[in-house]
Amino acid sequence: MQPRSEILPPATRPADVYFFGTCLLDIFMPEAGMDAITLLEQQGIRVHFPMAQSCCGQPAFSSGHPKDAFEVAKAQLHLFPEPWPVVVPSGSCGGMMKHHWPKLFRGSIYENTAADVAARVTELTQFLIAIGYEPQDQGEAVKVAVHTSCSARREMNVHLSGWALVDKLSNVERVVHGHESECCGFGGTFSVKHPDIAGAMVSDKVAALKASGAVEIISADGGCMLNIGGKIAKDEPGMPRPKHIATFLLERTGGKA
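Residues numbered from 1 in each chain as written. Predicted model: local features only at pLDDT ≥ 70, side-chain atom pairs only at ≥ 80, totals over all residues. Heavy atoms only, no water.

- The protein carries the name (Fe-S)-binding protein in an unreviewed UniProt entry, which gives Neisseria leonii as its organism.

**Observations regarding unusual backbone geometry**
Argument step 1. Located in the positive-phi region is Thr22, a residue other than glycine, with phi close to 75°.
Argument step 2. Examined against the element boundaries, Thr22 turns out to sit in the loop between strand S1 (16–19) and helix H1 (23–28).
Argument step 3. Residue classification places Thr22 among the buried residues on the basis of a relative accessible area of 4%.
Argument step 4. Although it is not a glycine, Asn157 adopts a positive phi angle of roughly 60°.
Argument step 5. Within the secondary structure, Asn157 is located in the loop between helix H8 (150–156) and helix H9 (158–167). (Helix = DSSP H or I, 4+ residues; strand = E, 2+ residues; numbered from the N terminus. Buried < 20%, exposed > 50% of the residue type's maximum accessible area, 1.4 Å probe, protein only.)

**Points about a nonpolar patch on the surface**
Argument step 1. Taken together, the side chains of Ile27, Phe28 and Leu226 present a nonpolar region at the surface, about 300 Å² in accessible area.
Argument step 2. Locating Ile27 in the fold gives a position in helix H1.
Argument step 3. Its relative accessible area of 59% is what places Ile27 among the exposed residues. (Patch = residues over 30% accessible without salt bridge, like charges linked within 9 Å, V, L, I, M, F, W, Y side chains within 5 Å. Areas by Shrake-Rupley, 256 points an atom, 1.4 Å probe, with all protein chains shown as cover. Salt bridge = Lys/Arg side-chain N within 4 Å of Asp/Glu carboxyl O.)

**Regarding the sheet that holds strand S6 (residues 172–175)**
Argument step 1. Taken in spatial order, the four strands of this open sheet run S6-S5-S7-S8, and their pairing is parallel. Only two strands of the sheet have a single partner each, and these edge strands are S6 and strand S8 (243–244).
Argument step 2. In terms of strand pairing, strand S5 (residues 142–147) meets S6 through four bridges, oriented parallel. Its bridge partner lying in S6, Val142 is registered against Val172.
Argument step 3. On the sheet, H9 packs against S5 and S6 and is oriented at approximately 150° with respect to S6. (Pairing = 2+ DSSP bridges. Contact = heavy atoms within 4.5 Å. Axes fitted to C-alpha atoms, helices over the stretch in contact; angles between N-to-C directions.)

**Remarks on the pattern of salt bridges**
Argument step 1. Counted by the stated rule, this structure contains eleven salt bridges.
Argument step 2. Two residues, Arg174 and Asp167, come together in a salt bridge whose shortest N-O distance is 2.9 Å.
Argument step 3. Each of the salt bridges in this network shares a partner with another, and the network as a whole consists of Glu216, Lys243 and Glu251.

**Some thoughts on the nonpolar core**
Across soluble globular proteins, nonpolar side chains have a tendency to be buried as a group.
Argument step 1. Counting 28 residues, the largest nonpolar core has Leu40, Leu128 and Leu249 as the members making the most contacts within it.
Argument step 2. Elements supplying a minimum of two residues to this core: S1, helix H2 (30–41), helix H7 (124–130), S5, H9 and helix H13 (245–252).
Argument step 3. Ranked by residue count, the leading element in this core is H13, at five residues.
Argument step 4. Contact partners of Leu249, with chain neighbours within four places excluded, come to Leu39, Leu128, Tyr133, Leu165 and Leu169. (Core = buried A, V, L, I, M, F, W, Y, C linked by side-chain atoms within 4.5 Å.)

**What to know about the sheet that holds S1**
Argument step 1. Taken together, four strands build an open sheet; the order of strands is S2-S1-S3-S4 and the sheet is parallel. For this open sheet the edge positions go to strand S2 (46–48) and strand S4 (121–123), each flanked by a neighbour on one side alone. Pairs of neighbouring strands in the sheet enclose a mean axial angle of 35°, with direction left out of account.
Argument step 2. The pairing of strand S3 (residues 86–88) with S4 spans three bridges and is classified as parallel. Residue pairing in the sheet places Val87 in a bridge with Thr122 of S4.

Take a look at the structure:
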């Protein structure tokens, strides 16, 4: 199944985009965000990074605190005044901005602004597919497994666009691992409030990834990468840590030194 383009017709390449880096990438894995920006710039696109950006409000929203989420998200609304796509390197944050911001701000003075921004939000892999990105694989043969977060999969369908990009790489074999459609156990504050359940879930996920025989684990969601990577570091140090798909694509196409 081919992924759907959310806002762009195929092979359309805008001159400018905004980049919303997400707080997890900014704090814990900024190199992944920089790799995503490099990847976009290599397509001849000017990338604009609003320096005042912070969080999309998802942690508060998913924890049942809509008023707090409203205040956090409100601080982002004015950052995207031009009619350019807003590229987000995370399907879960993209889902919050695209699908929940319009509901969060409905009935407020920010309703129209939120709807406008939401209509322009696109996750990184969706955007690359939409502009007709064709990666030229320069790497050795490798077997990889792809993990997609729950909201990224169910709200944005970006498991499809992630698979499609990986499948474009001629020397990469994508393996389907057990529990692929299941949660890794992170779920924001879920892993804090229910550590035993979350721990069992990430154990199942890591065991399935190990059984797949993949030598690379690819994802596009910082929370999942931290959770799965932490479990691997603690209990399976011989396994590869998850790698953001932007970094993986950049490495495979010779664009990362």
